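Descriptive structure summary
So you can see what is in the structure, the chains are spelled out below.
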There are 2 protein chains.
Amino acid sequence: MAQILKGKEVVDALVETMKKDVEALKARGVAPTLGIVRVGERDDDISYEKGAKKRCDSVGVGVKQYLLPADAPQQQLLDVIHEVNNDKGVHGALLFRPLPKHIDDNAIRAALLPEKDIDGITDGSLAGVFANIKLGFPPCTAEACMAILAHFGIDPAGKRVTVVGRSLVIGRPIAMMLMHKNGTVTICHTKTKDLPSVVREGEIVIVAAGAPENATAEYFREGQIVIDVGIHVKEDGSLCGDVKFAEAEPIVKAITPVPGGVGTVTTCVTIQHVIEAAKKTAG
Amino acid sequence: MAQILKGKEVVDALVETMKKDVEALKARGVAPTLGIVRVGERDDDISYEKGAKKRCDSVGVGVKQYLLPADAPQQQLLDVIHEVNNDKGVHGALLFRPLPKHIDDNAIRAALLPEKDIDGITDGSLAGVFANIKLGFPPCTAEACMAILAHFGIDPAGKRVTVVGRSLVIGRPIAMMLMHKNGTVTICHTKTKDLPSVVREGEIVIVAAGAPENATAEYFREGQIVIDVGIHVKEDGSLCGDVKFAEAEPIVKAITPVPGGVGTVTTCVTIQHVIEAAKKTAG
């Protein structure tokens, strides 16, 4: 029976710290505030936004919304980004993507200041996570994985780590973050030969391949820590991850559930970044 | 007996291509030009500069030198960087580092435009190599390793690759570049446990640990391709790499020599980047 690494435990601990941080900032006259920039009315975005606002409320972080119609011209979105950049009362921006196709994603990302890029989408944030310097913020999902490991006292130092997936939102940044923490990281992807055996090498395994329940029993061995980043809706409407939980759980030492794992922590990290950004402005 | 992957063969081939590229650019009215920015009179810098100028001459690339005294104030160097940025006749800048201690390296790096950053030192170039987008240029040593593999027809796709070293000038960028070419890359460092066995896993091994002749027989096995990035002066004045060549060579399939390997190709790549930068301005 594996230890189940529940996101809620991590969130509860983070929320306590965040509440104290917000109180301390307010005592110094700084009210940490999240800017939410949404173009259009996609269900996914609205659902995530709802969760983010709820979390902001629960820890005392303010929210300022910038809502644009789905057919808003690119310049209008650029104007909003500049407004966020110049507004000292807004400490970080959450910009929903993908953007509508008539808008150049690169131009928008380039316009956002890295210090307000709490979701790790700018080139500055990418350089920061690659170079391990304080520039921008890492993508929230990657940071959520790190928060789970830290909360449960799992230190990557000196351990073999296998990361499955090389996307810019999770695979590559989490590989760098685990390497910065002295893990010996192997990055796998669709062109990796004999993937199951490479995954079995890992003492810590991050599965972010984007394929539902693809990692089956043969991927795992005793003693492993498994972080499942995937989240998929099955035909019956239930949720599953990239790992076939029922097969992996009896084998490994510890595993995150889906739902209730990484996803649960991600929103929380977004808000934590707003607080960190506010701390920097408070000097 | 291993195949010796000689830098000179790679350079000879690159030089032929570069000459043709320069001719084509000049026919379009663009004279590719390297800006060399040097603060002070360090022997290492002067020696590298001499090699770079010679290589520029041999392929028809122009050189513009910006020489500052070792005690030049930071603003003077910033002015030079801005001059390079704004000079349409200078396509790339080679800035010798480390800079004197009274100058803030980050401020100087931030001032240089990524499109003129032929040595991959700006945050833009780092983001480019991490995200695999055309922003700036990868560090030249990393690109030299890739050029050697390409020249000798060694495709990283689907292969296990071990990179020893995680520096920003070579370990991390080469790991990303090999991953972008579909290698399954493991990054090792000083905290890696049982380093020899992890190196033996690699079908391609990049040794960039910075420790003279540290990789001995136990690191290697039959069939491996070994790229030795290190270059060190031994007590008797001779040069050696990070790999104990005499022990590795009889075991592996192919290996770069030191001297005459990666280092030989690096200057060439720097000049190649100038030509690439000039091509971009030529549209």
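Per-chain numbering applies: the sequence of each chain, read as written, is numbered from 1 onward. Ligands are numbered from 1 and chains lettered from A, in the order in which they are written. With the structure being a predicted model, the display of local features is reserved for residues of pLDDT at least 70 and the display and counting of side-chain atom pairs for 80 or more, all residues being used for whole-chain, interface and lining totals.

For the pair chain B and chain A, the best superposition has an RMSD of 0.0 Å and corresponds to a rotation of 180° with a translation of 0.0 Å parallel to the axis. Read as a symmetry element, the transformation amounts to a two-fold axis. Contact criterion: two residues are in contact if their C-beta atoms, reconstructed from the backbone, are within 7 Å. Taken as a fraction of all interface residues of chain B, those also at the interface in chain A reach 100%, which identifies the copy contact as same-surface. Least squares is the method for superposing the copies, and the C-alpha atoms it fits come from residues with pLDDT of at least 70 in both.

Residues and elements named next belong to chain B. The axes are straight lines fitted to the C-alpha atoms, using for helices just the contacting stretch, and the angles between their N-to-C directions are given from 0 to 180°. Numbering of helices and strands runs from the N terminus, with a helix taken as a DSSP run of H or I at least four residues long and a strand as a DSSP run of E at least two residues long. Contact geometry for helix α6 (residues 140-151) and helix α10 (residues 262-282): axes closest at 8 Å, N-to-C directions at 110°. One element, α6, and the other, α10, form an angle in the roughly perpendicular class. For the crossing formed where α6 meets α10, the hand is right-handed. Across the interface between the two elements, C140, T141, E143, A144, C145, A147 and I148 of α6 pack against V262, V265, T266, V269 and T270 of α10. Looking at the contact of α6 with α10, its residues break down into eight nonpolar, three polar and one charged. Note on terminology: angles under 35 degrees are roughly parallel, angles over 145 are roughly antiparallel, angles of 65 to 115 are roughly perpendicular, and the others are oblique. Two helices cross in a left-handed way if the nearer one is turned anticlockwise from the farther one by less than a right angle. They cross in a right-handed way if the turn is clockwise. The residue classification treats Ala, Val, Leu, Ile, Met, Phe, Trp, Tyr, Cys and Pro as nonpolar and Asp, Glu, Lys and Arg as charged. All others, Gly included, are polar.

Further remarks concern the interface of chain B and chain A. The interface is formed by 23 residues belonging to chain B together with 23 residues belonging to chain A. Broken down by secondary-structure element, the contributors of at least two residues to the side of chain B that touches chain A are α5 (123-131), α7 (171-180) and β6 (184-188) of chain B. In short, DSSP must find at least two bridges between two strands for them to pair. Strand direction decides the pairing type here: strand β6 (residues 184-188) of chain A and β6 of chain B, joined by three bridges, are antiparallel. Bridge pairing links T186 of chain A to T186 of chain B in β6 of chain B.

For the purposes of this description, domain bounds are those given by an automatic or database domain assignment. The domain architecture assigned to chain A consists of domain 1 (28-125) and domain 2 (140-263). Averaged C-alpha coordinates put domain 1 of chain A and domain 2 of chain A at centres separated by 29 Å.

The next point concerns α6 of chain B. Residue and element names in this part refer to chain B. Along its 12 residues, α6 runs 16 Å from first to last C-alpha, staying within 8% of the 16 Å computed at 1.5 Å per residue. Our exposure labels follow a C-beta count within 10 Å of each residue's own C-beta, placed from the backbone: buried means 20 or more other C-beta atoms, exposed means 12 or fewer, and partly exposed covers the counts in between. Extensive coverage of α6 is indicated by the burial of 10 of its 12 residues. Every buried residue of α6 is accounted for by C140, T141, A142, E143, A144, C145, M146, A147, I148 and L149. In this structure, the buried residues of α6 make contact with α1 (7-27), α7, β7 (204-207), β8 (225-228) and α10. Taken from the residues just after α6, G153 is the one with a positive phi, measuring 70°. To estimate the expected span of a helix, subtract one from its residue number and multiply by 1.5 Å.

Next up on the list: the nonpolar core. Linking buried Ala, Val, Leu, Ile, Met, Phe, Trp, Tyr and Cys residues through C-beta atoms within 7 Å yields a set, and such a set is a nonpolar core. C145 of chain A together with C145 of chain B are the most contacted members of the largest nonpolar core, which has 171 residues in total. Setting aside anything within four residues of it in sequence, one finds C145 of chain A in contact with I174, I206, I227, V229 and V262 of chain A.

This next bit is on the pairing of β8 of chain B. All names here are of chain B. Here β8 shows no split at all, with I225 and I227 on one side and V226 and D228 on the other all buried. Sheet topology note: the β7/β8 ladder contains four bridges and is parallel. Residue pairing in the sheet places V207 in a bridge with D228 of β8. Bridge count between β8 and strand β11 (residues 254-255): two bridges; the pairing is parallel. Paired with I225 across the bridge in β11 is A254.

Time to look at the packing of α1 of chain B against α10 of chain B. Residue and element names in this part refer to chain B. One way to put it is that α1 packs onto α10 with a least axis distance of 10 Å and a crossing angle of 20°. Here α10 runs roughly parallel to α1, going by the angle between their axes. Like other packed secondary-structure pairs, α1 and α10 cross with a definite hand, here left-handed. Between α1 and α10, the residues in contact are G7, K8, V10, V11, L14, V15, M18, D21, V22 and L25 and V262, G263, T264, V265, C268, I271, Q272, I275, A278, K279 and A282, respectively. Within the contact of α1 with α10, the residues separate by chemical class into 14 nonpolar, four polar and three charged.

Cis rather than trans, the peptide bond between V258 of chain A and P259 of chain A has omega equal to 0°. Tracing the chain through its elements places P259 of chain A in the loop between β11 (254-255) and α10 (262-282). For N182 of chain B, which is not a glycine, the phi torsion comes out positive at approximately 75°. On the neighbour-count criterion, N182 of chain B (18 C-beta atoms within 10 Å) is partly exposed. Phi at D194 of chain B is positive, roughly 50°, even though this residue is not glycine. Tracing the backbone through its elements, the reader meets D194 of chain B in the loop between β6 and α8 (195-201). Given 12 C-beta atoms within a 10 Å radius, D194 of chain B is considered exposed.

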